[in-house]
Amino acid sequence: MKTDSIFYRLFQEFPSIFFKLLGNPSEEASLYQFSSIEIKQTAFRIDGVFLPKQEAFEEGIQQGIEQGKLKAVRPMLTAGLTVEYIAQALDLSIEEVRQAAQ
C-alpha cells in the first residue's frame, strides 16, 4: 500500500488547509480526524480521508433525535393529543411543544 506522501503528510500536519481549500472555516478541522483507510474488495485504498470524530457524530445523532421529536408534534396535535401529553411523551417542555406547533 502506497500513499501520496506529500498530501498525506500535509493534511496530517495541517488539516485546516483542506477545509480552507474547500472554502469552509478552518475551525471545522477540529471536528474531524484524518487517517488512511483501506476498503477490502480488490484492495481499494483511500490515501486520506476526513472522518467525523466520535463526539461530533454523537452530537449529530442527538440533534437528529431532537429534530424528529419536534417534527412529531404537529401530527400528534392533529391526532387530538394534548400539549401536556405530547411534552411528557416526547420528553420536551410545554414551551418547546408550543413553539414546534407554530
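Now for a quick tour of the structure. (Residues numbered from 1 in each chain as written. Predicted model: local features only at pLDDT ≥ 70, side-chain atom pairs only at ≥ 80, totals over all residues. Heavy atoms only, no water.)

Examining the pattern of salt bridges
Okay, step 1: Per the stated rule, a full pass over the model turns up one salt bridge.
Okay, step 2: Between Glu66 and Lys69 there is a salt bridge, and its shortest N-O distance comes to 3.8 Å. With Glu66 and Lys69 both in helix α3 (residues 54–78) and three residues apart, the pair spans about one turn of that helix. (Salt bridge = Lys/Arg side-chain N within 4 Å of Asp/Glu carboxyl O. Helix = DSSP H or I, 4+ residues; strand = E, 2+ residues; numbered from the N terminus.)

Here's the deal with the nonpolar core
Okay, step 1: Counting nine residues, the largest nonpolar core is built from Val73, Met76, Val83, Ile86, Ala87, Leu90, Leu92, Val97 and Ala100.
Okay, step 2: For this core, the leading source of residues is helix α4 (residues 83–90), giving four residues.
Okay, step 3: Not counting residues within four places of it along the chain, the set of residues in contact with Ala100 comprises Leu70, Val73 and Arg74. (Core = buried A, V, L, I, M, F, W, Y, C linked by side-chain atoms within 4.5 Å. Buried < 20%, exposed > 50% of the residue type's maximum accessible area, 1.4 Å probe, protein only. Contact = heavy atoms within 4.5 Å.)

Re the packing of α4 against helix α5 (residues 94–101)
Okay, step 1: At a minimum axis distance of 9 Å, the contact between α4 and α5 shows a crossing angle of 110°. Overall, the two elements α4 and α5 adopt an arrangement that is roughly perpendicular. Between α4, through Val83, Glu84, Ile86 and Ala87, and α5, the contact on the second element is made entirely by Ile94, Val97 and Arg98.
Okay, step 2: Here the contact of α4 with α5 is composed, by residue class, of five nonpolar, no polar and two charged. (Axes fitted to C-alpha atoms, helices over the stretch in contact; angles between N-to-C directions. Parallel < 35°, antiparallel > 145°, perpendicular 65-115°, else oblique. Nonpolar A, V, L, I, M, F, W, Y, C, P; charged D, E, K, R; others polar.)

Digging into the environment of Ile46
Okay, step 1: With respect to the element layout, Ile46 can be found in strand β2 (residues 44–52).
Okay, step 2: Accessibility expressed as a relative area gives 25% for Ile46, which makes it partly exposed.
Okay, step 3: With eleven residues separating them along the chain, Ile46 and Ser35 place their C-alpha atoms 9.3 Å apart.

Interpretation in functional terms is not warranted from these geometric data alone.
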